[in-house]
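Listed below are the residues making up each chain.
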Amino acid sequence: MNNIIEIVSSPWPWWIAGPAIALLMFALIYFGNSFGFSANFRTICSMFGAGKSCDFFDFDWKKQTWNLVFAIGAILGGFIASQYLSSGDAIALSEKTITELQGYGLENPGADIVPMSIFSFESLFTLKGLIFIVLGGFCVGFGTRYAGGCTSGHAISGLSDLQPASLIAVIGFFIGGLTITYFILPLILPA
Amino acid sequence: MKYFKYLILGTVFGIVLTKAELISWFRIYEMFRFQSFHMYGVIGSAVVLGVIITQIIKRTKMKDAKGEPIVIAPKKLSIWRYLLGGIIFGFGWALTGACPGPMFILAGNGVFVIFVAIASGLLGTFVYGKIRHKLPH
């Protein structure tokens, strides 16, 4: 029994997580829907009445209720995992990553799930907080809808269906992500 | 009750992504610096099994839970919307260290400031909806 608790509470390897995500995708398809999380952003906009001023949000959002419930489940799952299934150990990042981030002035990379010096309400109104949280969030919301999907919709569902459109989107994800990581983060992280 | 199964599936999603550290900003940074196999292993193995599952669905003409034939709609192919939208999403992914699903899961993990990123994401989606006719697709 102690063994099981130990296995569950230690971090799960990629070969558990990857197949589990594919099976979740299958379950959603089997229940007559699809795996695409960012659609919730559009649904919530519509829920708040955005359909009155913009045809893009003028659709029967109630048909997407299942996806909103899935999102509530995701929050719940995050809570359960952090409260009851966590070992509290630091994330086993590669040595290179740790050294690099320390060089940028981040203390104890991996000790928390996110760098708390950036992702906190105290830093929200600093330039760093605005860039990482507000601008970053905006790009995620704008980009996913422009590209018609996020990691779940394109990288997992779309690539699984061998869709060329999704491959282009994933290439775009990496062009954007690499540009920020290689050229912008070295400038703004130490600031 | 109709929606209960989605609550369970969402909960499993949240647990898996938390336990495999996929919601960590650090893991996303590490991925974009090619310093660990972890994220590539997750996405790669999900896609390999996903391709197998999707092929089985199509070749066996599988029916869904209600007995209806499963139809996976193909995405209309073009370049601009996927490339440009993808790049903008990539900017946000590397900055926030999270895509939309992990943002919600992070909230469950107690990183409440992520609600601001979610609100900002909603605004981003709204602005896209407003100006999409002017964008190349």
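From a predicted model like this one, the values you see are computed outputs, not experimental measurements.

### Considerations on the confidence of the model for chain B
Thought 1: Of all residues in chain B, 100% attain a pLDDT of 70 or more, and the chain-wide mean is 97.
Thought 2: Both scores are given for the predicted complex: the pTM is 0.97, the ipTM 0.97.

### Description of the interface of chain A and chain B
Thought 1: Taken together, the 124 residues of chain A in the interface contact 110 residues of chain B.
Thought 2: Between chain A and chain B, a total of about 10300 Å² is buried, with carbon and sulfur atoms accounting for 78% of that surface.
Thought 3: If you sort the residues of chain A by the area they bury against chain B, Trp-14, Ile-113 and Tyr-146 of chain A come out on top, with a joint share of 8%.
Thought 4: In this assembly, chain A and chain B are joined by 3 salt bridges.
Thought 5: The partner of Arg-132 of chain B in a salt bridge is Asp-55 of chain A, and the shortest N-O contact between them spans 3.3 Å.
Thought 6: Here chain A is connected to chain B by 33 residue pairs in polar contact (both at pLDDT 80 or more).
Thought 7: The element contributing the most residues to the side of chain A that touches chain B is helix 9 (residues 164-188) of chain A, with 18 residues.
Thought 8: Of the residues assigned to the side of chain A that touches chain B, the class counts are 81 nonpolar, 35 polar and 8 charged.

### A short note on the UniProt feature "transmembrane region" (unreviewed entry) in chain A
Residue and element names in this part refer to chain A.
Thought 1: Here, UniProt's "transmembrane region" (unreviewed entry) annotation points to residues 12-32, 66-85, 125-144 and 165-189.
Thought 2: The span residues 125-144 is 90% helical and 0% strand by assignment, and the distance between its end C-alpha atoms comes to 25 Å.
Thought 3: Between the C-alpha atoms that bound residues 165-189 there is a distance of 33 Å. The span itself is 96% helix and 0% strand.

### Points about the side chain of Thr-144 of chain A
Thought 1: With respect to the secondary-structure elements, Thr-144 of chain A resides in helix 7 (residues 127-147).
Thought 2: The contact partners of Thr-144 of chain A, leaving out residues within four places of it in the chain, are Ser-38, Cys-139, Gly-149 and Cys-150 of chain A together with Phe-89 and Pro-100 of chain B.

### Some thoughts on the packing of helix 3 (residues 39-47) of chain A against helix 6 (residues 114-131) of chain B
When two helices pack together, you describe them by how their axes are tilted relative to each other and by the distance separating the axes.
Thought 1: Following both chains from N to C, one finds helix 3 of chain A and helix 6 of chain B inclined at 80 degrees, their axes separated by 9 Å at the closest point. Comparing the axis directions of helix 3 of chain A and helix 6 of chain B gives the class roughly perpendicular. Contacts between helix 3 of chain A and helix 6 of chain B involve Phe-41, Arg-42, Ile-44 and Cys-45 of chain A on the former and, on the latter, Ile-118, Gly-121, Leu-122, Thr-125 and Phe-126 of chain B.
Thought 2: For the contact of helix 3 of chain A with helix 6 of chain B, a count of residues per class yields 6 nonpolar, 2 polar and 1 charged.

### Some remarks on the pattern of salt bridges
Thought 1: Scanning the model with the defined rule gives 5 salt bridges over all chains in all.
Thought 2: A salt bridge links Lys-58 of chain B to Asp-161 of chain A; its shortest N-O distance comes to 2.5 Å. Here Lys-58 of chain B, found in helix 3 (residues 38-59), pairs with Asp-161 of chain A, found in the loop between helix 8 (151-160) and helix 9, and the two come from separate chains.
Thought 3: By relative accessible area, Asp-161 of chain A is classed as buried at 9%.
Thought 4: Put simply, Arg-27 of chain B and Glu-30 of chain B hold a salt bridge, and the shortest N to O gap is 2.7 Å. Note that Arg-27 of chain B and Glu-30 of chain B are positioned in helix 2 (residues 25-32) at a spacing of 3 residues, about one turn of the helix.

### Focus on the UniProt feature "transmembrane region" (unreviewed entry) in chain B
All names here are of chain B.
Thought 1: The UniProt record annotates "transmembrane region" (unreviewed entry) at residues 38-58, 79-98 and 104-128.
Thought 2: In residues 38-58, the share of helix is 100% and the share of strand is 0%. The end C-alpha atoms are 30 Å apart.
Thought 3: In this annotation, residues 79-98 is assigned 85% helix and 0% strand; the end-to-end C-alpha distance for the span is 24 Å.

### A few points about unusual backbone geometry
Residue and element names in this part refer to chain B.
Thought 1: At Phe-34, a residue that is not glycine, the phi angle is positive and equals roughly 55 degrees.
Thought 2: Relative to the elements of secondary structure, Phe-34 occurs in the loop between helix 2 and helix 3.
Thought 3: We note that Lys-61 has phi near 50 degrees; this positive angle belongs to a residue other than glycine.
Thought 4: For Lys-61, the position within the fold is in the loop between helix 3 and helix 4 (80-96).
Thought 5: The class for Lys-61 is exposed, based on a relative accessible area of 65%.

### Points about empty space enclosed by the protein
Thought 1: According to the stated counting rule, one finds 1 cavity of 30 Å³ or more in the structure shown.
Thought 2: Only helix 8 of chain A together with helix 1 (4-19), helix 3 and helix 5 (100-108) of chain B provide two or more residues apiece to the lining of the largest cavity.
Thought 3: Considering only residue class, the lining of the largest cavity consists of 16 nonpolar, 3 polar and no charged.
Thought 4: Residue-level mapping places the lining of the largest cavity at the junction of two domains, with at least three residues from each of domain 1 (1-86) and domain 2 (118-191) of chain A.

### Re the environment of Leu-24 of chain A
Thought 1: Mapping Leu-24 of chain A onto the fold places it in helix 2 (residues 14-30).
Thought 2: Contacts of Leu-24 of chain A, omitting those with residues within four sequence positions, involve Leu-9, Val-12 and Phe-13 of chain B.

### Some points on the domain arrangement of chain A
Residue and element names in this part refer to chain A.
Thought 1: The domain boundaries assigned to chain A delineate domain 1 (1-86) and domain 2 (118-191).
Thought 2: Between the C-alpha centres of domain 1 and domain 2 the distance comes to 18 Å.
Thought 3: Contacts between the two partners involve 10 residues from domain 1 and, on the opposite side, 11 residues from domain 2.
Thought 4: Around 740 Å² of area is buried between domain 1 and domain 2 when both sides are counted, 70% of it from carbon and sulfur atoms.

Rules used throughout
Residues numbered from 1 in each chain as written. Chains lettered and ligands numbered in written order. Predicted model: local features only at pLDDT ≥ 70, side-chain atom pairs only at ≥ 80, totals over all residues. Heavy atoms only, no water. pLDDT = per-residue confidence, 0-100. Contact = heavy atoms within 4.5 Å. Buried area = accessible area lost by both parts, 1.4 Å probe. Salt bridge = Lys/Arg side-chain N within 4 Å of Asp/Glu carboxyl O. Polar contact = N/O pair within 3.5 Å; in protein donor to acceptor, adjacent residues only side chain to side chain. Helix = DSSP H or I, 4+ residues; strand = E, 2+ residues; numbered from the N terminus. Nonpolar A, V, L, I, M, F, W, Y, C, P; charged D, E, K, R; others polar. UniProt positions renumbered as here; feature names shortened; annotations may be inferred. Axes fitted to C-alpha atoms, helices over the stretch in contact; angles between N-to-C directions. Parallel < 35°, antiparallel > 145°, perpendicular 65-115°, else oblique. Buried < 20%, exposed > 50% of the residue type's maximum accessible area, 1.4 Å probe, protein only. 1 Å grid on protein atoms, 1.4 Å probe; cavity = no way out; pocket = protein on both sides within 12 Å on 5 of 7 lines; lining within 4 Å. Points joined across faces, edges and corners; volume = space filled by probe spheres on them. Domains from an automatic or database assignment.

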